[in-house]
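Given next are the chains, with one letter for each unit.
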Amino acid sequence: QTCLTPAEDDAIASHSTVAFPVESYLQRIQKLADEFERQRLRPMAAATGGRADTLQPERVLDELSAYLFETQRFSAPACGRSNLPKDAMLDHPGVWWV
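Residues numbered from 1 in each chain as written. Predicted model: local features only at pLDDT ≥ 70, side-chain atom pairs only at ≥ 80, totals over all residues. Heavy atoms only, no water.

Trainee: Even after reading the chapter, I still don't get helix α3 (residues 57-71), so can you show me in this structure?
Mentor: Count 3.6 residues to each turn of an α-helix, and residues three or four apart come out pointing the same way. A rise of 1.5 Å per residue sets the reference length of α3, with its 15 residues, at 21 Å; its end C-alpha atoms lie 20 Å apart and thus fit the reference within 8%. Every buried residue of α3 is accounted for by Ala 66, Tyr 67 and Leu 68. Contacts made by the buried residues of α3 are with α2 (22-47). Within two residues after α3, Arg 73 carries a phi angle of roughly 55°, on the positive side. (Helix = DSSP H or I, 4+ residues; strand = E, 2+ residues; numbered from the N terminus. Expected span 1.5 Å × (residues − 1). Buried < 20%, exposed > 50% of the residue type's maximum accessible area, 1.4 Å probe, protein only. Contact = heavy atoms within 4.5 Å.)

This is the structure:
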């Protein structure tokens, strides 16, 4: 069984000394947020007269959940939080030691 997790997850789980790629991580999150707004929020707001502030929070959360877990296929890795062995430390991206 293969388990693929983002390098950021391994860096966090292993308490790595490798610098966390904050800027690229924030860019990825912003891209997801922009896409969610464009594909889901705008159509929902248009259906209620064009005002996003009138949307029901539960409906927005349902749409966000569907977007992340169905459209983007987010899921917890089958092997747990990280693919690294327990107590492993990252030396630099892609290289770890126990």
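Trainee: How do you make sense of the side chain of Arg 40 when you look at a structure like this?
Mentor: Considering the arrangement of structural elements, one finds Arg 40 in helix α2. Only 2.6 Å separates the side chain of Arg 40 from the side chain of Thr 71, close enough to count as a polar contact. Arg 40 has contacts with Glu 35, Glu 63, Ala 66, Tyr 67 and Thr 71, leaving out every residue within four places of it along the chain. (Polar contact = N/O pair within 3.5 Å; in protein donor to acceptor, adjacent residues only side chain to side chain.)

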